[in-house]
Amino acid sequence: MTTKNSSRFTPLVIAVSIVAGILIGTFYAKHYGGNKLGIVNGSSNKLNALLRVIDNQYVDTVNISDLVEKAMPQILAELDPHSTYIPAKEVEAVNSELEGSFSGVGIGFVIQEDTIHVTSVISGGPAEKVGVLAGDRIVTVDDSLFVGKGLTSEKAMHSLKGPKGSKVKIGIKRATEKELLHFTIVRGDIPQNTIDAAYMITDDFGYIQISKFGRTTHVELLNALAQLNHQNCKGLIIDLRENTGGYMEAATRMVNEFLPEGKLIVYTEGRKYPRLEEYANGTGSCQQMPLVVLIDQGSASASEIFAGAIQDNDRGTLIGLRSFGKGLVQQPIDFSDGSAIRLTVARYYTPSGRCIQRPYTSGNDSQYEMDWVTRYEHGEFFSRDSVKLNENQRYATGLGRPVYGGGGIMPDVFVPRDTTGITSYLIEVSNKGLIQQYGFQYSDHNRSKLTQIKDENEMAEYLHKQNLLEQFIEYATKKGVKRRNLLIRKSKELLERNLYGNIIYNILGQEALIRYINQTDDTVLKAVDILQRGEAFPKAPSDSTGINANNTNVQP
């Protein structure tokens, strides 16, 4: 009986003891413990503790949410240059670049003289369906005036983009109409193409320029290849210059189109990320086609995966300048408030076993971001000998050709930048945006005539007859750029090419511009030459220049 009663009260005694212990502990912590918090013994809890202390004790009122938003990028910057924080308001814009579409009205525009000028209307898009035309000026949005010095591209994008199915009302000033035109546009999905050009650059060889590796890039590539094969394409140029990367999966799928079954494409590995290998499955449509890949200092990440797989498997020839050097893999992690981080979880390695990530210092490494300036100053854009390759990171391709890790991918054929014709006059008018401004104004004022011209060569011939350069020089003079005849004569060819190119782009579009530029592009011309000479497939080096394929750095 007594035993039963005692056991019945035991939980109550324990509970009272715990409460008493908490109260006593709290008393001593307040009176004898200063401001020390027990939870700060763990480093992972220090941030939470710090924020609570600031919120409870700081002299002024602090918006803790804003403080966290500002701290997040700084914390991630201490890890590496590619771990990043994306605020909720920017996530959609960041993702839409690679996802293949976004929701909007379907126009291209520039802001000139504090007004939105429509430069192009996407075929089949919402704006085209209601009758918006290139050359229109948007002056009102949802019945509010939408012009003035405060107008920015970001503000315009924010107003014109929106959820699919939502409506936006715009007021348009059209040169041929006296009254303002009003259109109500129902926003819809706007495709984001990642292949900017795909055409036969000669009777035998095709050219494809890829701007990024997005969700739809592989499908776009298959369509481009089908188009070129229909025209009896016998060799291919893939242009990855200034392609900053994107989805690794898109790159591996694309490489698969060119590699035989069983060839290693890439592998990734990290501290908490087990080694994962990607191999070609043998279903590629262009396994035997001669291939040349163009790279430069702007080719990064997924571009380097593609280029590295082609080079290490001796599948094609790389031409251009040393690539960017990004060998880190980011994993997207979303937060409940809509924000996200891209956290580096692994490194990727090319088939020979090299990691092409260039050195960096943890923290806000300004030198890392401005590496292209260092390369320029060291003469790397102009001489292959200026590139210092790390012999400690020397690897071998399947044929035993030497390749190097630790700082981008070195092309097989180096093509220096051509500085002929670059003068201070050209630099000044370019930096001030005067070539683009004049090109747009000329296009806008002569749109009815120019739209009758159907290709870039005819357009260039027509523009050459219009004494366009002299008109531009007068325009630049009015904008405060002093006329300097000697420098203008030296830069004449480049000035005309840039002027014509801007007008071609405004009237005929991106692919027409690329076709025009490629006609005088040294790297593209070298690629065509290699294809024509049948030298796209690399050859094994002699013993004096190569390295043994059994080099200890080589990975299976």
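Residues numbered from 1 in each chain as written. Predicted model: local features only at pLDDT ≥ 70, side-chain atom pairs only at ≥ 80, totals over all residues. Heavy atoms only, no water.

The next thing to look at is helix α7 (residues 217-229). Between its first and last C-alpha atoms α7 spans 18 Å; for 13 residues at 1.5 Å apiece the expected length is 18 Å, and the two agree. Looking at the packing, one finds that the buried side of α7 touches β10 (195-200), β11 (205-210), β12 (235-239) and α8 (248-256). (Helix = DSSP H or I, 4+ residues; strand = E, 2+ residues; numbered from the N terminus. Expected span 1.5 Å × (residues − 1). Contact = heavy atoms within 4.5 Å.)

Bringing the sheet that holds β11 into the picture now. Sheet strands line up and pair through hydrogen bonds in the backbone, either parallel or antiparallel. As summarised here, the arrangement of the six strands in space is β10-β11-β12-β15-β16-β21, forming an open sheet in which the pairing is mixed. Pairing within the sheet leaves two strands with one partner each, and these edge strands are β10 and β21 (413-414). Packed on one face of the sheet, helix α9 (residues 302-312) meets β12, β15 (291-295) and β16 (317-320) and runs near 140 degrees to β15. Running at roughly 60 degrees to β10, helix α19 (residues 510-518) makes contact with β10 and β11 of the sheet. (Pairing = 2+ DSSP bridges. Axes fitted to C-alpha atoms, helices over the stretch in contact; angles between N-to-C directions.)

Before going further, it helps to examine unusual backbone geometry. Here Asp-114, not a glycine, exhibits a phi torsion of approximately 60 degrees, which is positive. Mapped onto the elements, Asp-114 comes out in the loop between β3 (107-112) and β4 (115-121). At Glu-242, a position not held by glycine, the phi torsion is positive, near 65 degrees. As for its placement among the helices and strands, Glu-242 is situated in the loop between β12 and α8.

Turning our eyes to something else, we now look at the nonpolar core. If you look at the biggest cluster of nonpolar residues, it comprises 40 residues, and the most contacted ones within it are Ile-208, Leu-236, Ile-238, Phe-258, Val-293 and Phe-306. Setting aside anything within four residues of it in sequence, one finds Phe-258 in contact with Leu-221, Leu-236, Ile-238, Cys-286, Gln-287, Leu-291, Phe-306, Ile-310 and Arg-315. Judged by nonpolar contacts, the second largest core, of 29 residues, contains Val-429, Val-481, Leu-495 and Ile-507. (Core = buried A, V, L, I, M, F, W, Y, C linked by side-chain atoms within 4.5 Å. Buried < 20%, exposed > 50% of the residue type's maximum accessible area, 1.4 Å probe, protein only.)

In the structure shown here, the tally under the stated rule is seven aromatic pairs. An angle of 70 degrees between the planes, with centres 6.4 Å apart, marks the rings of Phe-381 and Phe-382 as edge-to-face. Under the relative-accessibility criterion, Phe-382 is labelled partly exposed at 32%. Three or more aromatic residues joined by ring pairs form one cluster here, namely Tyr-438, Tyr-442, Phe-472 and Tyr-475. Positioned above the aromatic ring of Tyr-247 is the side chain of Arg-215, whose terminal nitrogen or guanidinium carbon lies 4.1 Å from the ring centre. In this structure, Arg-358 is placed above the aromatic ring of Phe-324, and the distance from its NZ or CZ to the ring centre is 4.1 Å. (Phe/Tyr/Trp six-rings, centres within 6.5 Å; stacked < 30°, edge-to-face > 60°. Lys NZ or Arg CZ within 6 Å of the ring centre and 35° of its normal.)

Looking now at a nonpolar patch on the surface. Together, Met-370, Trp-372, Tyr-376 and Phe-382 line one region of the surface with nonpolar side chains, adding up to about 420 Å² of accessible area. Note on placement: Tyr-376 falls in helix α11 (residues 371-377). Judged by relative accessible area, which is 45%, Tyr-376 ranks as partly exposed. (Patch = residues over 30% accessible without salt bridge, like charges linked within 9 Å, V, L, I, M, F, W, Y side chains within 5 Å. Areas by Shrake-Rupley, 256 points an atom, 1.4 Å probe, with all protein chains shown as cover. Salt bridge = Lys/Arg side-chain N within 4 Å of Asp/Glu carboxyl O.)

Tracing the backbone shows Gly-162 in the loop between α6 (153-160) and β7 (167-173). Along the primary structure Gly-162 and Gly-188 are separated by 26 residues, whereas in three dimensions their C-alpha atoms are 8.7 Å apart.

Our next topic: the side chain of Asn-506. In this fold, Asn-506 is placed in helix α18 (residues 492-508). Engagement of the side chain of Asn-506 in a polar contact is seen with the backbone oxygen of Gly-439, the distance being 3.4 Å. Residues contacting Asn-506, with those up to four places away along its chain left out, are Thr-119, Gly-439, Phe-440, Ser-443 and Arg-447. (Polar contact = N/O pair within 3.5 Å; in protein donor to acceptor, adjacent residues only side chain to side chain.)

With that settled, consider the pairing of strand β17 (residues 328-334). With seven bridges joining them, β17 and strand β18 (residues 340-349) adopt antiparallel strand pairing. Its bridge partner lying in β18, Ile-333 is registered against Ile-341.

Turning next to the packing of α8 against α9. In helix packing, the relevant descriptors are the interaxial angle and the interaxial distance, both defined with respect to the helix axes. Two elements in contact, α8 and α9, have axes whose closest approach is 8 Å; the angle formed by their N-to-C orientations is 25 degrees. As far as their axial angle goes, α9 and α8 are roughly parallel. Two packed elements cross with a definite hand, and for α8 against α9 that hand is right-handed. Taken together, the residues of α9 that come into contact with α8 (itself represented by Met-248, Ala-251, Met-254 and Val-255) are Ala-302, Ile-305, Phe-306 and Ala-309. (Parallel < 35°, antiparallel > 145°, perpendicular 65-115°, else oblique. Left-handed = near helix turned anticlockwise from the far one by under 90°.)

Counting buried residues in α9 gives eleven out of eleven residues, a clear majority hidden from the surface. When α9 is considered as a whole, its buried residues turn out to be Ala-302, Ser-303, Glu-304, Ile-305, Phe-306, Ala-307, Gly-308, Ala-309, Ile-310, Gln-311 and Asp-312. Phi turns positive one or two residues past the end of α9, at Asp-314, with a value near 55 degrees.

Just distances and angles here, no functional claims.
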